[in-house]
Amino acid sequence: MEARLVCFDQACRATYDITEVLYSCPRCGGLLEVDYQDWDFDPAVMKRLWRERRMNETPLDQSGVWRYRELIPFLNDYRHVVTLREGNTPLLESARAAAYAGLKTISFKHQGFNPTGSFKDNGMTCGVAQALRLGMRRVACVSTGNTSASMTAYASAAGLQPIIFVPHGNIAFGKLAQALEYGALTLQVEANFDEILALVRKLAERLGIYLLNSINPFRVEGQKTIAVELMDQRDWRVPDWVVLPGGNLGNTAALGKGFREMRALGLIDRLPRLAVIQAEGAAPFYEFAQRRGRGEFCPVRNPETLATAIRIGAPVSWPKAWYEVTQSNGVVEKVSEEEIADAKAQIGRAGIGCEPASAATLAGIRKLVARGVIDREAEVVAILTGNLLKDPDYIYRYHTGQLVTPSGRRVAGQFANRPIVVPNDPDRIAEVLACGV
Ligand SMILES: *Cc1c(COP(=O)(O)O)cnc(C)c1O
Ligand SMILES: [Zn+2]
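Structure report, in brief. None of the values given here were measured: they were computed from a predicted structure.

## Some points on the overall build of the chain
Then, in step 1: Regarding its fold elements, the chain presents 15 helices and 13 strands.
Then, in step 2: Its C-alpha atoms give the chain a radius of gyration of 22 Å, near enough to 22 Å, the size a compact globule of 437 residues would have.
Then, in step 3: Taking the principal axes of the C-alpha coordinates as reference, the chain spans close to 75 × 50 × 50 Å.
Then, in step 4: Of all 437 residues assigned to the chain, the portion counted as buried reaches 56%.

## Notes on the coordination of the zinc ion (ligand 2)
In an ideal tetrahedron of four donors about a metal, each angle is 109.5 degrees. In an ideal octahedron of six donors, the angles are 90 or 180 degrees.
Then, in step 1: Looking at the zinc ion (ligand 2), one finds its protein donor set to be Cys7 (SG), Cys12 (SG), Cys25 (SG) and Cys28 (SG), positioned 2.3 to 2.4 Å from the metal centre.
Then, in step 2: Its four donor atoms give the zinc ion (ligand 2) angles of 96 to 116° at the centre, a pattern that matches the tetrahedral case.
Then, in step 3: Each donor residue of the zinc ion (ligand 2) belongs to the same chain, with the gaps between them written as C-x4-C-x12-C-x2-C. Here the residue Cys12 occupies a position in the loop between β1 (2–7) and β2 (15–17), and Cys25 occupies one in the loop between β2 and β3 (32–37), the gap between them amounting to 13 residues. Each member of the pair, Cys12 as well as Cys25, carries the same accessibility label: buried.

## Points about the pattern of salt bridges
Then, in step 1: Within the structure shown, the criterion is met by 27 salt bridges.
Then, in step 2: A salt bridge links Glu33 to Arg13; its shortest N-O distance comes to 3.2 Å. Here the residue Glu33 occupies a position in strand β3, and Arg13 occupies one in the loop between β1 and β2, the gap between them amounting to 20 residues.
Then, in step 3: One salt bridge connects Arg397 with Asp393, and the closest N-O pair in it is separated by 3.0 Å. You can see Arg397 and its partner Asp393 sitting in helix α14 (residues 392–399), four residues apart, about one turn around the helix.

## Remarks on the sheet that holds β2
Then, in step 1: With antiparallel pairing, three strands are arranged side by side in an open sheet as β2-β1-β3. At either end of the open sheet lies a strand with only one pairing partner, and these are β2 and β3. The mean angle between the axes of side-by-side strands here comes to 40°, regardless of whether they run parallel or antiparallel.
Then, in step 2: Direction of pairing for β1 relative to β2: antiparallel, over a ladder of three bridges. Each residue of the ladder has a partner; that of Arg4, found in β2, is Asp17.

## Here we look at the packing of aromatic side chains
Then, in step 1: Under the definition given, this model contains 15 aromatic pairs.
Then, in step 2: When the ring of Phe74 is compared with that of Phe218, the centres are 5.0 Å apart and the planes differ by 55°; the resulting orientation is tilted. One end of the pair, Phe74, is in the loop between α2 (59–62) and β4 (91–93); the other, Phe218, is in helix α8 (residues 217–233), and 144 residues separate them in sequence.
Then, in step 3: Judged by its relative accessible area of 1%, Phe74 is buried.

## Points about unusual backbone geometry
Most peptide bonds adopt trans geometry, and most residues besides glycine take a negative phi value.
Then, in step 1: In this model, Arg13 sits at a positive phi of 50°, which is unusual for a non-glycine residue.
Then, in step 2: Given a relative accessible area of 31%, Arg13 falls into the partly exposed group.
Then, in step 3: Within the chain, Leu249 stands out as a residue other than glycine whose phi angle is a positive 75°.
Then, in step 4: Looking at the secondary structure, you find Leu249 in the loop between β10 (241–245) and α9 (250–264).
Then, in step 5: A residue is classified by how much of its surface remains accessible, and Leu249, at 3% relative accessible area, is buried.

## Some words on the site of ligand 1
Then, in step 1: Contacts to ligand 1 come from 16 residues, most closely from Lys120, Asn146, Gly247, Asn248 and Thr385.
Then, in step 2: Between an oxygen atom of ligand 1 and a main-chain N or O atom of Gly250, the distance comes to 3.2 Å.
Then, in step 3: The separation between a nitrogen atom of ligand 1 and a polar side-chain atom of Thr385 is 2.8 Å.
Then, in step 4: Considered class by class, the residues forming the shell around ligand 1 number six nonpolar, eight polar and two charged.

What counts, and where the lines are drawn
- Residue indices follow the written sequence of each chain, beginning from 1 at its first position.
- All chains are assigned letters beginning with A, and all ligands numbers beginning with 1, in the order in which they are written.
- Note on the predicted model: pLDDT of at least 70 is required for a residue's local features to be given, and 80 or more for side-chain atom pairs to be given and counted; whole-chain, interface and lining totals, by contrast, use all residues.
- Only hydrogens and water are set aside; all other atoms, that is, all heavy atoms of the structure, feed into the side-chain values.
- For the purposes of this entry, the term helix denotes a DSSP run of H or I that reaches at least four residues, the term strand denotes a run of E that reaches at least two, and both are numbered from the N terminus.
- We compute the radius of gyration over the C-alpha atoms and compare it with the globule rule, which gives 2.2 Å times the number of residues raised to the power 0.38.
- To sort residues, take the accessible area from a 1.4 Å probe on protein chains only and compare it with the maximum for the residue type: under 20% means buried, over 50% means exposed, and anything in between is partly exposed.
- With water omitted from the atoms examined, metal sites may look incomplete; donors here are N, O and S atoms no farther than 2.8 Å from the metal, or 3.2 Å in the case of Na, K and Ca.
- Metal sites are grouped by the angles between bound donors: all angles between 85 and 135 degrees with four donors is tetrahedral, opposite donors over 155 degrees apart with the others between 65 and 115 is square planar for four donors and octahedral for six, and any other pattern is irregular.
- Think of a salt bridge as a Lys or Arg side-chain nitrogen and an Asp or Glu carboxyl oxygen that are within 4 Å of each other.
- Strands are treated as partners if at least two bridges between them are detected by DSSP.
- Every axis in this analysis is a line fitted to C-alpha atoms, fitted for helices over the stretch in contact. Angles between the N-to-C directions lie between 0 and 180 degrees.
- Pairing of aromatic side chains here covers Phe, Tyr and the six-membered ring of Trp, requires ring centres within 6.5 Å, and sorts the geometry by plane angle: under 30 degrees stacked, over 60 edge-to-face, intermediate tilted.
- Near residues are defined by distance, with any heavy atom within 4 Å of the molecule or strand qualifying the residue.
- Whenever a nitrogen or oxygen atom comes within 3.5 Å of another N or O atom, the pair is scored as a polar contact, on the condition that within protein one atom can donate a hydrogen and the other can accept it, and that pairs from neighbouring residues in sequence are kept only if both atoms are in side chains.
- All amino acids are sorted into three groups, where Ala, Val, Leu, Ile, Met, Phe, Trp, Tyr, Cys and Pro are nonpolar, Asp, Glu, Lys and Arg are charged, and the leftover types, Gly among them, are polar.

The following block contains the structure:
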C-alpha cells in the first residue's frame, strides 16, 4: 500500500510524493487529494477490528479518527499523531425534529461533540500529524471561525506554534476566544479574507510555515472518517440521504470521498445520496447546481448570512464537492435566514442543539421533503457540524426577538422562548407558572 498526492483535475492527474509540501498542483493549479494504491483488505475483519479497538485504552484506538487508520493510511509512523480523542460523536434520533421536517425518522450525527466543538477536529488531527511528519515548527490558517479554534488546539497540543490570520474588525467572538485561549499567535490584518489568503500563501513559502486551510488534503482524510464512524454506528446500513451544510465545501468533498472509498473496499454496497444545503445569501454552489454544472462557477462577491461558518462566497473545494454530488446522485438546496433560525430552535427544543450553520441541514431537509425530493419514509442522517455554545449571541437574540438578518429583516422567531421577568412574589410566580402549563 502506498499513499501519494494526486491532482484532482481529471485532465491533469499529476502525482506527487506524499511528503511534498504542496497545497495545489504545481502543474495546473488544481486541488490535490490523497490517493492510495494497492489498497485492499477484508471488510469483515476490519469491521470487527474497529469495534474491538473501542475497548482499548491506547490514544490511537480511542480516537474516533485514528481508530479507522486503515482507511487513512498516509502516515508511515503513528508517533506523529496527536489526538484529543476527536470523533466519537453520537448519532442522535429525534421524533420532534423528524416531525418538523415531515419525515418518519431522522438522526443527527453531531460533530459538535468534538474536543473544540466542531467537525474541524476530525481533519485537524490529520493535518497536524502531517505537519509533524514534515518537520514543520509552525502552522497557520486564515479563518475567524472553527478552523482557527481547532488548528490552535491541535498545534498547541503537538508543541507547534499556531498562527492565525484574521480580517481586522471582522471576528466571530466565541471562536476567536477559543483560539486565544489555546495559544494562537493572532494577527489581525487590515485586508479582506481573500487578500489575506493570498498574503499568507506567500508568507508560508518564505517562512516555512505549514498551511492548514481547508484545501489541505490531509484534513480531508480525517474528515472522511465522519462517514466511516457513521456507518459503523449504523452497523454498516447505508442511509438514503446524508445532509450537510455547504460553506467552503471541504466537508462535502471529504464525506463523498469517504463513502466512495468504503464502497470500493466492499465496506458498503451503495452510496447514500448527498444533499448540500447553503444559506440564501452565500449560495454559489446552489446556483451552479441549478445550472447542472454548466458554465463557469460564479463566486458570490459579498456573501451574507448569520450562519458565519458557511458565509463563504468563493468555496475553494467546489470541484471536488460537485464531483461527489454528481457521483451520489445528490442535490443542492438553499434556505433563508428565517428557515435556518427556526430549524435551529427545533433542534434545540429536541434537547440536541447546534450552531446556526448546522441547522441549515434540518431547514433544507424540510424543504426537500415538502418538494418531494426526499421521501417521507427515507432514512436521513443530518450532519450537525458545530456545538450550540459556539454562538450564544445569535441564540439570545432569536429568543428575545432581536435577531436581524444581514439585509435588515427582523427574524420573527416562530419558536422564540422569551425569559419572563417576575417580581419577588410567590403568588405572582404561582400565577405565571399556572398559565405556563
Ligand atoms: C467549517 C464549517 C462548516 C462548513 O464546512 P465546509 O467544509 O467549509 O463546507 C459548516 N458548519 C460549521 C460549524 C463549520 O465549522
Ligand atoms: Zn494538476
